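A look at the structure
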Amino acid sequence: MNPFGMNCYILWNVPGGECIVVDPGMMQDSEREMITSFIDGNKLTVKCLLLTHCHIDHACGARWLAQRYGVEIEAGAQECVNAENMPLQAQRFGLKIDSTPLIIDNVLSEGDIITLAGEDIKVLETPGHSPGSLSFYIADSGIIITGDVIFQSSIGRTDLLGGSFTQLIEVIKTKIMTLPADTIIVPGHGDTTTVADERIYNPYL
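Scope of this entry: the structure provided in the associated data block. Since this is a predicted model, take the numbers as computed values, not measurements.

Some thoughts on the sheet that holds strand S2 (residues 18-22)
- Taken in spatial order, the five strands of this open sheet run S1-S2-S3-S4-S5, and their pairing is mixed. Two strands bound the open sheet, and with one partner strand each, they are strand S1 (9-12) and strand S5 (106-108). The sheet shows a mean angle of 30° between the axes of neighbouring strands, taken without regard to direction.
- Both strand S4 (residues 73-76) and S5 contribute to a ladder of three bridges, which runs parallel. Residue Gly76 lies in a different strand from S5, and its bridge partner there is Leu108.
- Of the strands in this sheet, S1, S2 and strand S3 (45-50) touch helix H1 (residues 29-41), which is tilted by about 10° from S1.

The following block contains the structure:
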């Protein structure tokens, strides 16, 4: 969704159960309707909203969705500056959207566990693209949601505020490439990939 082609994810198990929304980057009414129609159509109860980081393409719809479902926005502590600068981000990218500073309700840290439908979602601090970037690892399902840390045969940009190429490569090698080879990498943009494929084909590694 949005002009940046950002992937928003809804984690859920069965109709009528709980769900978690990751990176609600809706900028248009049609995008907000798409997300809420899916949630309401499956009679899901939103447990919380998780942000991999607070760049505007990933977080601009967070407050709207949080207010609609009465839940908290959860993100890394080091993302507070990006969250507060949401209007400035919109201006820098020339986005004609209503944007207000975003408040993170609950700060997440390395090793925190969020439980959904009997599965643990482990929080990993994965800075480099953004100072407080987080990844969410679900071992039972064999997936990791990485935001803009790593993509299929590529990595996140490091030229934005707080970015660090050296830090990003170190994080990818020590926290993502060390996961089981068949772990599915679920990125913030583009198609899914696997740890095994990125070990072989990612030119940055």
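Describing the environment of Thr100
- Here Thr100 lies in the loop between helix H5 (86-92) and S5.
- Since its relative accessible area comes to 56%, Thr100 is described here as exposed.
- Once the C-alpha coordinates of Thr100 and Pro87 are considered, the two residues, 13 residues apart in sequence, prove to be 5.6 Å apart.

Describing helix H6 (residues 165-176)
- Between its terminal C-alpha atoms H6 stretches 16 Å, which fits the 16 Å expected from 12 residues at 1.5 Å a residue.
- Residues of H6 that are buried: Leu168, Ile169, Val171, Ile172 and Ile176. Buried residues along H6 cover an arc of 160° about the axis, so they all sit on one side.
- Looking at the buried positions of H6, the neighbouring elements they touch are strand S9 (143-147), strand S10 (150-151), strand S11 (154-155), strand S12 (184-187) and helix H7 (195-201).

The rules we used
- Along every chain, residues carry numbers that run from 1 in the direction the sequence is written.
- Only residues with pLDDT of at least 70 are given local features in this predicted model, and only at 80 or more are side-chain atom pairs given and counted; all residues enter the totals for whole chains, interfaces and linings.
- To get the side-chain values, take all heavy atoms of the structure and skip hydrogens and water.
- Each pair of strands is called paired provided DSSP finds at least two bridges between the two strands.
- Helix and strand labels come from DSSP, where a helix needs a run of H or I of at least four residues and a strand needs a run of E of at least two; each type is numbered from the N terminus.
- Convention adopted: a line fitted to C-alpha atoms gives each axis, helices being fitted over their contacting stretch, and angles between N-to-C directions are expressed from 0 to 180 degrees.
- Residue contacts are defined here by distance: any two heavy atoms, one from each residue, within 4.5 Å place the two residues in contact.
- We call a residue buried when its accessible area falls under 20% of the maximum for its residue type, exposed when it is over 50%, and partly exposed in between, using a 1.4 Å probe and counting protein chains only.
- Between the first and last residue of a helix there are one fewer steps than residues, each counted as 1.5 Å, and that sum is the expected span.
- Taken from the helix axis, the directions to the C-beta atoms give the arc we talk about.

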